[in-house]
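Here is how the chains run, residue by residue.
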Amino acid sequence: MKKGLAAAVIAVALLLNGCGMVQEILASEEMVIRTTEELQQEVERALKEGRQEITFATETITQEDLSALNQEHDGFYGSVTQYEMKTVRMLGRSYVTLSCDISDNYYVEEAILSGSDIPEERTEAAELKEVCEEILSDMDAEDSSYKKEKKIHDYLVEHVAYGYPEGVDSEDSTAYNAYGALVKGKAVCNGYAQAMKLLCDLSGVECEMISGRADGENHAWNLIRLDDDAWYHVDVTWDDPEPDDPERLLYSYFNLNDEEMALSHVWNAEDFVPAEGTRYQYYRKNDLYCEDMDDFREKCEDIFAKDSPESFQVQVGDYEESRYSEEHLQFLFEYSGARYCHLQTIGEAPYTTLYFTLDY
């Protein structure tokens, strides 16, 4: 669940009778913003550039627009912490100063990608940089975007547990950011999504954060652009099991297109790039996708002809509980020689992952 951010408010209305004071304000004007779209673009640009203050003049932007600023940004590079609005009534114009808190992600990216120094007081950013460099050391320069993405996904599933760091309550901010995920090893969805974006950015893979709702709650995940120039949805949070099990790697929400993701997630599509890729959906790419029960049976026969795995997973495109019941899965014992087989289903029908654990 994504943590909301609220700006503190300082609003001042001025009735100026002295021309000198008016000229002083006009001289300090850096830009004029007329629409909320222009405002959002400028805030996004400023946060990406690490600017801690934004000043502008406006005749149309209201206090309500300023109060809602952080609702339109994912917080990856920071957020607006407060604003000062001075209104000159005789001019019909307001002069606004926004104060911004720049995130650790910005300083880490600047340090690793541009060689900039991290300010001495940003100790958490320095810690985060050290962990990121260790993770990146496992990245090969020749790796494809898909291989890099998968390494990052697998690292997060193996090293991060869903929840809040020990000894803190649900308001602990680190659970909502990359520092919580990568340094403390505990995060909620926004922390997973930030960690995914940060590591993708640092490894040269184009990645964005996306927010919407899932299971009736606010939720954050990622959009990623891969080698086929198409975009995909990735939800690492939902691929990480609860209770935490670093040994189990699932890919039920790894590289889905809009149609597949919409079975379980809701978002305002017009605010985000469409995800239309299919080539890098995990189960299709790795020949683990089965159209129907006949395909599934053939795939199982092939798997057990080559190996005796303790677990395996496939995705089927025709899932119904009755169709994949114990009665209809008896052939697994014949093919595998297992004494016991446990089935877990993940994902929305008809595209459902079947995860089998076997005991020989």
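Residues numbered from 1 in each chain as written. Predicted model: local features only at pLDDT ≥ 70, side-chain atom pairs only at ≥ 80, totals over all residues. Heavy atoms only, no water.

K.L.:
What is the right way to read the pairing of strand S8 (residues 217-225) from this model?
P.N.:
A regular strand places its side chains on the two faces of the sheet in alternate fashion. Here strand S7 (residues 207-214) pairs with S8 via 8 bridges, running antiparallel. Its bridge partner being in S8, glutamate 208 is matched across the sheet by leucine 223. Remark: 2 residues form the turn of the hairpin made by S7 and S8, two consecutive strands paired antiparallel; aspartate 215 in that turn has positive phi of roughly 55°. In terms of strand pairing, S8 meets strand S9 (residues 231-234) through 4 bridges, oriented antiparallel. (Pairing = 2+ DSSP bridges. Helix = DSSP H or I, 4+ residues; strand = E, 2+ residues; numbered from the N terminus.)

K.L.:
Could you clarify how one ought to interpret the pairing of strand S14 (residues 340-346) in this entry?
P.N.:
In terms of strand pairing, S14 meets strand S15 (residues 352-359) through 7 bridges, oriented antiparallel. Bridging across to S15, leucine 343 finds its partner in phenylalanine 356.

K.L.:
What is the right way to read the sheet that holds S9 from this model?
P.N.:
Strands pair in a sheet through their backbones, by hydrogen bonds, and they do so in one of two ways: parallel or antiparallel. The 5 strands lie next to each other as S10-S9-S8-S7-S11, forming an open sheet whose pairing is antiparallel. The two strands at the open ends of the sheet, each matched to only one other strand, are strand S10 (254-256) and strand S11 (265-266). On the sheet, helix H6 (residues 145-159) packs against S8, S9 and S10 and is oriented at approximately 125° with respect to S10. Running over the sheet, helix H8 (residues 189-203) touches S7, S8 and S9 and is turned about 15° from S8. (Contact = heavy atoms within 4.5 Å. Axes fitted to C-alpha atoms, helices over the stretch in contact; angles between N-to-C directions.)

K.L.:
It is not clear to me how the side chain of glutamate 109 should be interpreted in this structure. Could you clarify?
P.N.:
With respect to the helices and strands, the residue glutamate 109 is situated in helix H4 (residues 104-114). In this structure, glutamate 109 is buried with no salt-bridge partner, the nearest side chain bearing the opposite charge being lysine 197 at 5.4 Å. Residues within four places of glutamate 109 in sequence aside, it is in contact with Phe76, Tyr77, Ser114, Leu198, Asp201 and Leu202. (Buried < 20%, exposed > 50% of the residue type's maximum accessible area, 1.4 Å probe, protein only. Lys, Arg positive; Asp, Glu negative; His and termini not counted. Salt bridge = Lys/Arg side-chain N within 4 Å of Asp/Glu carboxyl O.)

K.L.:
So what exactly am I meant to see when it comes to the nonpolar core here?
P.N.:
The nonpolar side chains of soluble globular proteins are, as a tendency, buried together. Counting residues in hydrophobic clusters, the biggest one holds 99 residues, and the most contacted among them are Leu66, Leu98, Leu182 and Phe296. In contact with phenylalanine 296, other than residues within four places in its own chain, are Cys290, Val314, Val316, Tyr324, Leu329, Phe331, Leu354 and Phe356. (Core = buried A, V, L, I, M, F, W, Y, C linked by side-chain atoms within 4.5 Å.)

K.L.:
Would you take a moment to explain the packing of aromatic side chains for this structure?
P.N.:
We describe a pair of aromatic rings using the distance from one ring centre to the other and the angle between the two ring planes. Inspection of every chain in the model, using the stated rule, returns 19 aromatic pairs. Taking the centre distance of 5.5 Å and the plane angle of 55° together, the rings of phenylalanine 331 and tyrosine 335 count as tilted. Here the residue phenylalanine 331 and the residue tyrosine 335 both occupy positions in helix H13 (residues 331-336), the gap between them amounting to 4 residues, near one helical turn. Under the relative-accessibility criterion, phenylalanine 331 is labelled buried at 5%. Three or more aromatic residues link up through ring pairs in this structure, and these residues are Phe296, Phe304, Phe312, Tyr319, Tyr324, Phe331, Tyr335 and Phe356. In this structure, lysine 197 packs its charged tip against the face of phenylalanine 76, placed 5.0 Å from the ring centre. (Phe/Tyr/Trp six-rings, centres within 6.5 Å; stacked < 30°, edge-to-face > 60°. Lys NZ or Arg CZ within 6 Å of the ring centre and 35° of its normal.)

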